[in-house]
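Geometric and topological summary
The primary structure of each chain is shown beneath.
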Amino acid sequence: MCLALPARVISLDATGLSGQVDLGGVRKAVSFALLDEVAVGDHVIVHVGYALSRLDPDEAAQTLALFADLAVHHANNDPRVPSLPGISSATTALTAHSTPEGDA
């Protein structure tokens, strides 16, 4: 299963081609080379270390809320939520309150 997750840009390097994003408290270095323009505070869709597109902040918030809800149901062993490999780690990163910096 592949996930492309919304994240908020928190820093850019001098070239603007890479920087850091925040994903529910997890900070990750990503490449912005595939985007025409990105600024600190923008929301981007990230997949395997690359920002694929910019995202409207409201849409990002809605998507993150859905992932957080899924994580709660998964943690409570809700029978309506299928057991998918990796879903716990992906959704945990989205709902973590104090996760150490580093790769997600």
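Higher on the page you've got the structure.
The text that follows walks through the structure, step by step, so that each part is easy to find.

Cut-offs used in this document
- Residues numbered from 1 in each chain as written.
- Predicted model: local features only at pLDDT ≥ 70, side-chain atom pairs only at ≥ 80, totals over all residues.
- Heavy atoms only, no water.
- Helix = DSSP H or I, 4+ residues; strand = E, 2+ residues; numbered from the N terminus.
- Buried < 20%, exposed > 50% of the residue type's maximum accessible area, 1.4 Å probe, protein only.
- Contact = heavy atoms within 4.5 Å.
- Lys, Arg positive; Asp, Glu negative; His and termini not counted.
- Salt bridge = Lys/Arg side-chain N within 4 Å of Asp/Glu carboxyl O.
- Polar contact = N/O pair within 3.5 Å; in protein donor to acceptor, adjacent residues only side chain to side chain.

This part is about the overall build of the chain. Helix and strand counts for the chain stand at two helices and five strands. The helix and strand sequence of the chain, counted from the amino end, reads β-β-β-β-β-α-α. Taken over 104 residues, the chain has a buried fraction of 31%. A separation threshold of at least 6 residues defines the contact pool for the chain, and within that pool the share at least 24 residues apart is 41%.

In this structure, Ala 68 sits in helix 1 (residues 57-75). The class of Ala 68 is partly exposed, set by a relative accessible area of 24%. In the structure, Ala 68 is positioned 44 residues away from Gly 24 in sequence and 9.6 Å away in space, judged by C-alpha atoms.

A few words on the side chain of Asp 22. Within the fold, Asp 22 resides in strand 2 (residues 18-23). Lacking a salt bridge, the buried Asp 22 has Arg 27 as its closest oppositely charged neighbour, with an N-O distance of 4.2 Å. Among the polar contacts listed, one links the side chain of Asp 22 to the backbone nitrogen of Gly 25, at a separation of 3.5 Å. Beyond its immediate stretch of four places on either side in the chain, Asp 22 contacts Ala 7, Arg 8, Ile 10 and Arg 27.

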